[in-house]
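Structural overview
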Amino acid sequence: MEIFKEPIFRYFEQISKIPRESGNEKAISDYLVSFAKEKKLEVLQDEAMNVIIKKPGTKGYENAPTVIIQGHMDMVCDKNKSTDHDFGKDPIKLKVDGDMIYADNTTLGGDDGIAIAYALELLASDDIYHPPIEVLMTANEEVGMDGAIAVDPKNLTGNILINIDSEEEGRILVSCAGGITTKQTLPIVWDTLKGDGRHYDISIRGLKGGHSGSEINLGRGNSNILMGRVLKRLIDEVDISIASINGGQKVNAIPREADAQVFVKKAEKEKFLKLIDELNAILKLELRASDPDVMICAKESDEKLNKVFSKETARKAIYSLLLIPNGIQTMSMEIEGLVESSSNIGIVTTLDESIIFESAVRSSVKSLKKLILDKSKAAANLLGAGFEGVADYPEWQYEPDSKIRELFEKGYKEFYGEEPEIVAIHAGLECGLFKEKMPHLDMVSFGPNIYDAHTPNEHMSISSVKRTWEYFLSVLKKIK
Ligand SMILES: [Zn+2]
């Protein structure tokens with residue numbers, strides 16, 4: 001195909017032939033090393049397979065500030081059932097449809113192959129004006145950001161970092177959230193079941209869910225929280241016992257489903273079912289805009305439970321769901337519409353000895369992340385539950401005074417004749433880790449239009465790749 005003879009796309013085609021699933025980066029990492037050696041450029045490969053390639057500034061730019069140009073070399077590998085593609089050895093098959101490049105029933109790897117292609121084009125060029133550059137391609141971004149974690153700041157001298165891992169032309173990213181997963185462990189005291197009654201399975205269904213960061217502002221119901229509310233009304237008004245509470249599968253997804261097993265005294269059956277109906281009507285009304293299909297079901301169960309939570313344990317479990325911070329906590333006062341801090345009770349699991357509540361906490365302000373952590377811990381302490389915070393990752397806080405952002409903004413106005421969108425995202429990026437290691441860094445993140453990344457429908461706009469490249473070069477030219 002003709003397009004793959006053109007600049008940028010020729011390198012995109014090259015790297016598409018090299019398997020580069022997260023965790024399997026040796027081949028692509030070695031390819032980058034030999035590319036640099038062939039061009040007689042200084043290159044360094046670390047143990048994590050990260051590659052740094054340095055190229056001096058061009059004529060007139062020898063003494064310009066050094067710019068780190070950064071992307072990740074791994075890609076998410078997902079495919080449709082219809083293909084027997086082997087990501088371990090098969091090249092990604094590229095297809096062109098109008099302005100779009102797709103892969104054949106697999107992810108494309110435009111995220112973040114386009115960063116590699118831009119970088120290689122820049123490294124190979126002898127007719128582009130640019131300051132001294134340090135290309136940093138990290139390994140394993142998509143699963144845990146291990147590459148970025150392993151980067152040794154001693155190997156980099158630049159004070160400016162341009163990350164090419166945003167997927168919307170016209171948007172310049174200037175901040176991202178940090179996060180931590182909290183885990184509250186509530187010990188269970190079991191009671192033996194007494195009295196005449198029936199078992200019911202209560203389920204909450206029909207919610208939309210979504211990403212706990214980027215979609216936390218949509219007001220969608222969290223099944224775990226709703227289950228807490230349902231159980232609160234039930235234990236207050238009906239004589240029931242609870243045997244288990246479970247909900248959600250991923251801590252960073254808004255949970256769509258939750259289940260509880262309860263025991264209802266025989267005399268209370270009518271009252272119980274009437275209250276479930278009432279609660280159904282309440283949730284349907286509250287969530288009519290965000291989750292109109294929400295429903296609570298109570299189904300009689302044949303399963304014979306012989307133990308239930310003690311009254312005390314049941315109350316503490318419900319209090320946990322009422323007290324652990326959930327949903328939007330603060331909004332940014334600098335960037336309109338940006339969620340600054342949030343928390344999401346993603347998973348609730350009943351085990352033999354304890355009930356575990358896991359939440360994804362995010363904030364673009366470190367001290368606010370700490371505040372949410374402290375609130376969660378206070379709830380755990382009051383309830384006599386264990387508490388820990390795991391998988392802590394740093395934020396990239398909005399920098400009111402950023403030279404590189406100004407250059408990108410100014411360059412955008414000149415190139416496109418309109419204002420770019422300056423945005424912050426309520427999710428993690430490698431930039432947060434770099435900012436923590438190298439606090440002096442002045443950073444932006446940008447990129448061309450890539451759609452449906454991380455899915456087999458991933459596609460990338462050819463014209464957007466070309467425009468964004470020209471715009472990028474016009475900005476580099478200004479760094480003198
Ligand atoms: Zn990416």
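Thresholds, definitions, all that
Each chain carries its own residue numbering, running from 1 in the direction its sequence is written. Only residues with pLDDT of at least 70 are given local features in this predicted model, and only at 80 or more are side-chain atom pairs given and counted; all residues enter the totals for whole chains, interfaces and linings. Each domain's extent was defined by an automatic or database domain assignment. Any residue pair is listed as a contact if its two C-beta atoms, each placed from the backbone, are within 7 Å. Numbering of helices and strands runs from the N terminus, with a helix taken as a DSSP run of H or I at least four residues long and a strand as a DSSP run of E at least two residues long. Polar here means any residue other than Ala, Val, Leu, Ile, Met, Phe, Trp, Tyr, Cys and Pro, which are nonpolar, and Asp, Glu, Lys and Arg, which are charged; Gly is therefore polar. Fitted lines through C-alpha atoms serve as axes, helices being fitted only where they are in contact, and the angles separating the N-to-C directions of these axes extend from 0 to 180 degrees. Under this scheme an angle from 65 to 115 degrees is roughly perpendicular, one under 35 degrees roughly parallel, and one over 145 degrees roughly antiparallel; angles in between are oblique. The crossing is said to be left-handed when, going from far helix to near helix, the turn is anticlockwise and less than a right angle, and right-handed when the turn is clockwise. Here, any two strands with at least 2 DSSP bridges between them count as paired. In this usage, the nonpolar core is the set of buried Ala, Val, Leu, Ile, Met, Phe, Trp, Tyr and Cys residues whose C-beta atoms join them within 7 Å. Counts of 20 or more other C-beta atoms within 10 Å of a residue's own C-beta define buried residues, counts of 12 or fewer define exposed ones, and intermediate counts define partly exposed ones; C-beta atoms are placed from the backbone.

Right, let's talk about the domain arrangement of the protein for a bit. Splitting the protein by domain gives domain 1 (2-177 + 396-478) and domain 2 (179-393). Each of domain 1 and domain 2 was reduced to a C-alpha centroid, and the two centroids are 40 Å apart. With 12 residues of domain 1 at the interface, the matching set in domain 2 holds 15 residues. For the side of domain 1 that touches domain 2, the elements supplying multiple residues, two or more each, are strand E8 (171-176), strand E22 (421-425) and helix H10 (430-437). Partitioned by chemical class, the residues of the side of domain 1 that touches domain 2 number 7 nonpolar, 5 polar and no charged.

How two helices pack is summed up by the angle between their axes together with the distance between the axes. At a minimum axis separation of 8 Å, helix H5 (residues 223-237) and helix H7 (residues 311-323) run at an interaxial angle of 135 degrees. One element, H5, and the other, H7, form an angle in the oblique class. Seen along the crossing, H5 lies across H7 with a hand that is left-handed. Contacts between H5 and H7 pair Asn224, Ile225, Met227, Gly228, Leu231, Lys232 and Ile235 from the former with Ala314, Ile318, Leu321 and Leu322 from the latter. For the contact of H5 with H7, the per-class residue count stands at 8 nonpolar, 2 polar and 1 charged.

What follows is about the pairing of strand E11 (residues 197-205). Side-chain direction in a regular strand flips from residue to residue, so the side chains alternate between the two faces of the sheet. Strand direction decides the pairing type here: E11 and strand E15 (residues 258-265), joined by 8 bridges, are antiparallel. Among the inter-strand pairings, Ser203 is bridged to a residue of E15, identified as Asp259.

This next bit is on the sheet that holds strand E24 (residues 450-451). Strand order in the open sheet made by the 4 strands is E4-E5-E25-E24, with antiparallel pairing throughout. With one partner strand each, in any of the chains shown, strand E4 (94-97) and E24 form the two edges of the open sheet. Note: E4 against strand E5 (residues 100-103), 4 bridges, orientation antiparallel. Residue pairing across strands places Lys95 opposite Tyr102, the latter belonging to E5.

This paragraph deals with the nonpolar core. If you look at the biggest cluster of nonpolar residues, it comprises 78 residues, and the most contacted ones within it are Ile116, Ala117, Tyr118, Ala119, Val135 and Val444. When sequence neighbours within four positions are dropped, the list of residues in contact with Tyr118 reads Ile8, Ile164, Trp469 and Phe472. Ranked by size, the runner-up nonpolar core spans 46 residues in total, among them Leu234, Ile345, Ile355 and Phe357.

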